[in-house]
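Chain by chain, the residues:
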Amino acid sequence: MRNCGHIDPENIKDYITRDGYQALGTVVTELKPIEVIEIIEQSGLRGRGGAGFPTGLKWKFTHQAAGKEKYVVANADEGEPGTSKDRLIMEGDPHSLLEAMAIAGYAIGANTGYIYIRGEYQLAIKRLKIAIAQAKEMGLLGENLFDSGFNFEIKIREGAGAYVCGEETALLKSIEGERGEPQVKPPYPTNEGLWGQPTLINNVETLANIAVIIREGAEWFNEIGTEGCPGTKVFTLSGDVENEGIIELPMGTPLRRIIEGFGGGMVDDKEFKVAQSGGSSGGCMPKELLDTPMDYDSLAEIGMTLGSGALLVMDETHCIVDIAKCLMQFFKHESCGKCVPCREGNKRLYNRLDKISKGEGELEDLERLRDLADTMSKTALCGLGQMAPTSIYTTLKYFKDEYLTHIEDNNCTTGSCRGLVDLEVQDKRGGKDYGNNN
Amino acid sequence: MEIIIDGQKCEAEAGQTVLEAAQQIGIKIPTLCYLKEVNEIGACRICIVEIEGKGYQTACTFPVSEGLRIKTTSPEIRRLRKLNLELILANHPQDCLKCERSTNCELQSLSKELGVEKVRFAQDSGGYKLDQSTPSIVRDYNKCIKCRRCVSVCEKVQGVKALYPNQRSFKAIISPGYKQELKDVSCVLCGQCIHACPVAAIKEKDDTERVWQVLNDENKHVVLQIAPAVRVALGEEFELPPGTPITEKIVTACRRLGFDKIFDTVFSADLTIVEEGHELLARLKNDGPLPLFTSCSPGWIKYIEHFHSDLLDHLSSCKSPQQMFGALAKSYYAETEGIEPENIVVVSIMPCTAKKFEATREEMEVNGNRDIDIVLTTRELARMLRVCGVDLMKLPAGEFDAPLGITTGAGDIFGITGGVMEAALRTVYEEVTENELEKLEFNQVRGFEGVREASIDLAGQEVNVAIINGLGNVDEVLTAIKEGEKEYHFVEVMSCPGGCIGGGGQPIPTTEEIIVQRGKGLYDIDQAKEIRKSHENPIIKEIYKDYLGEIGGQKAHNLLHTTYQERDQY
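Just so it is clear, the model here is predicted, and its values are computed rather than measured. (Residues numbered from 1 in each chain as written. Chains lettered and ligands numbered in written order. Predicted model: local features only at pLDDT ≥ 70, side-chain atom pairs only at ≥ 80, totals over all residues. Heavy atoms only, no water.)

(A) Representation of the pairing of strand 13 (residues 344-350) of chain B in the model. Residue and element names in this part refer to chain B. A large share of strand 13 lies buried, amounting to seven of its seven residues. Burial along strand 13 is two-sided: the face carrying Ile344, Val346, Ser348 and Met350 and the face carrying Val345, Val347 and Ile349 are both buried. One ladder, built from six bridges, connects strand 10 (residues 221-226) with strand 13; its direction is parallel. Counted as the bridge partner of His221 is Ile344 from strand 13. Here four bridges tie strand 13 to strand 16 (residues 374-377), and the two strands are oriented parallel to one another. Bridge pairing in strand 16 places Val347 opposite Ile374. (Buried < 20%, exposed > 50% of the residue type's maximum accessible area, 1.4 Å probe, protein only. Helix = DSSP H or I, 4+ residues; strand = E, 2+ residues; numbered from the N terminus. Pairing = 2+ DSSP bridges.)

Written as structure tokens, this is what we have:
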């Protein structure tokens, strides 16, 4: 995000004055594709879309794959609730994405790039279009870039709002004009992607790191962040913190520092209860994990995820059962319906949570939740179904007591589960009390 | 390459899936949504196996690679499979006792295989209206388990693409797009989706009740015709090996059901050859339009009407054997027997669901009399026989009634891909060359490849023929014809793979292997017939002499020919 707020995103010259397109020039005139890939590999950059797959390796696979044509696709679907980092990058620094895509194209041997962008991001779309036109105008996109003989063009495809289209194989199907549904892997997109051809799919934030890595070098990048996860991460901080917003921090910054430092602490000094890291499919982190360094490896070790970098912070007034139920409602809506565990499982998880929230839960339900969540994680076709129950595992692990209070005492201490709250309506006019025991 | 499955070393070939490799060494991994080479999408997750370093993967999609170590069974694998199966069952009506696919249902047998004892989720299915919009096929969305086998068969095997996944999550349904009904889309009603369906979510429209009613009506003279492909398949419904010909037993069984006359569609197949052969020769003589396409397969007719209506004048104007039979039953037969055509009910037993639609086409009537009144599939006939407790194998042999039951072997092979072509060639060859054929079998048009070609020398004129086996192969051939790459004179098209023996109304399962067996049954029947050339059918000669007049003449046209209509694609 180094340029965001410092340049006029609708003026390519601003970007160029801040060393824009220098990396692309160097790459296409001085480096061989494999040398570019080596730099990215050495940088240790990992995919910022959520999975954290080594970017250089992905580039290498696509470079090695044989195909009539190859494609670079920027995943700008950003459907993860509570995440808007890619939006900021595209609205504030669109050329960083275009430059990176062209570099990637050169490295893997592609002449066409697609930006698959969330349809709601109209401002980003507008700015990207302006950026593409300006870059073309200046010969920074199009044919024979820097007289190198390398051609690269970029097309924009707008998504229609399905969460699952952020999953790479579903995203490719959507670009192809088909129903956006995940496909079994293998084959991986690196070998058989868009229209069956080798395709490199990278998240916007991942790509936004490329030009600067080329310019400053892999070593420079290595010095930021942690050993296993070099570089920075853009977090979208939201919820019950004083300052909500988007922040770029070195990988491995502890959660507490993010909330207390950049978030300015909890609103109204209420007690921190839980932070969901990584979006809807992320884990729910309790107080005792506040000092966890926020990077892929540290979080994976404790069964959490960094995901998209979404951080939803909630205070003591929120009910864990209610949170889990809301999340399952989201997944039950967004599952594409192709594979059994996801299509049927999300609905069943929701139903059971709903039952608990109404005071009809039984101890056996917790076992069922675990059993089903585990089956989904192990057998669902794509990341959506596999990750959907993460909140269930993590809340069952760290907040089991709260589930038990709902089940055994028929009590929701926060008052969120309406079915468990005794409401008393006092009719002040007649002075008569009407008990309402629902 | 070598891989290890459940501790056993196993030789596998590149390109194979784990499922296929396991099958080779006798390990049967359970599957549900998998249809070999047609639906390999890993949707049901029942075939999951554990692959070292790769977690749980679907065996039907995972390609083998050197040194792969696979576990196909373990307490955990069994638990995961069972739980996913329970999720499917909880969203599937538990009314096996009342279901027509009971004991012939893949979901039911899978539940048994995986040892499902109870479903730990509340029953939650139903509420969908059935799609009964066509005369042929009923879709029951309540029973659909979203395996998508029908979608893949419709798209990849038949090339029709009438079905899609619609909506999403647990509201997903497999149906025509945009909430349309089957009647609104370019579904050709071939019924191949029925064979693809593991449960009873797709079935034929059951017309047995209508047949019971007319059989019980004393004022009705109910005549039956039985299509050739039925006689080599019905036995499967009564545990006989596929392809066992039981023609004579079927005749007796149907007599017991109360039909007044039992006739044979093979008769009108002979008649079709005589009329269509004449039409071919006329087109060869008068410069077209060529190629001439056969018109016996109603799914194909609907297909060309939807997708290639610019070629409608290439279709033979001959009605199909089913319809020719009906037209003659209510004219020639009615007159000779002195029965009012209004009092005759013609029932057909067909291997086909599209035949039900064909019978309802507005073109298919003469002087206000519908050619055909009711069409039953092979499966529906079996249902009627079961209800009556007919013990098929203990029945004495019966014979078709005269006159519309006197047939030749050429008509029998109408039921198999290439059969219409072969029957036509037997007749056309003798007519043109005026020589008797030494060998009646035209082996060059036999077989089960999707497209077959042959050139036949007809007294100096080279006639190029092609056989299209299954609608999925049509576009390729028609494109070649339109672009002038191929110059055929005569093209046979059968909608269903294998021809009518693989029809959508045949016993379930209908597989490639079973189709081959049924085909053999038909060739055996032909082989054993005394007369094997349609133009030598004595009754047909007589009917032309006494009733129809000229082949291809005015009366024949009125009764035996039809017209076609352009249909929308969407």
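(B) Layout of the domain arrangement of chain A. All names here are of chain A. Split by domain assignment, chain A resolves into domain 1 (12-222), domain 2 (232-315) and domain 3 (320-420). Distance between the C-alpha centres of domain 2 and domain 3: 22 Å. Each partner contributes to the interface: domain 2 provides 16 residues, whereas domain 3 provides 15 residues. Note on domain 2 versus domain 3: buried area summed over both sides is about 1,200 Å², and carbon and sulfur give 71% of it. The largest contributions to the domain 2 side of the interface with domain 3 come from Lys273, Ser280 and Cys284, which together make up 41% of the buried area. Counting across the interface, domain 2 meets domain 3 through one salt bridge. Here Glu402 makes a salt bridge to Lys273, at a shortest N to O gap of 2.9 Å. The tally of links between domain 2 and domain 3 comes to three residue pairs in polar contact (both at pLDDT 80 or more). When the residues that make up the side of domain 2 that touches domain 3 are grouped by side-chain class, the tally is seven nonpolar, seven polar and two charged. (Domains from an automatic or database assignment. Contact = heavy atoms within 4.5 Å. Buried area = accessible area lost by both parts, 1.4 Å probe. Salt bridge = Lys/Arg side-chain N within 4 Å of Asp/Glu carboxyl O. Polar contact = N/O pair within 3.5 Å; in protein donor to acceptor, adjacent residues only side chain to side chain. Nonpolar A, V, L, I, M, F, W, Y, C, P; charged D, E, K, R; others polar.)

(C) View of the sheet that holds strand 8 (residues 272-277) of chain A. All names here are of chain A. If you trace the five strands from one edge of the open sheet to the other, you get 7-6-10-8-9, paired in mixed fashion. Edge strands, defined here as strands with exactly one partner in the open sheet, are strand 7 (245-250) and strand 9 (283-286). Pairwise comparison of adjacent strand axes, ignoring direction, gives a mean angle of 30 degrees for this sheet. Judged from the five bridges that link them, strand 8 and strand 10 (residues 310-315) form a sheet pairing that is antiparallel. The partner of Val274 across the bridge, within strand 10, is Met314. Sheet strands touched by helix 18 (residues 390-398): strand 8 and strand 9. Its angle to strand 9, the strand with the most contacts, is close to 25 degrees. (Axes fitted to C-alpha atoms, helices over the stretch in contact; angles between N-to-C directions.)

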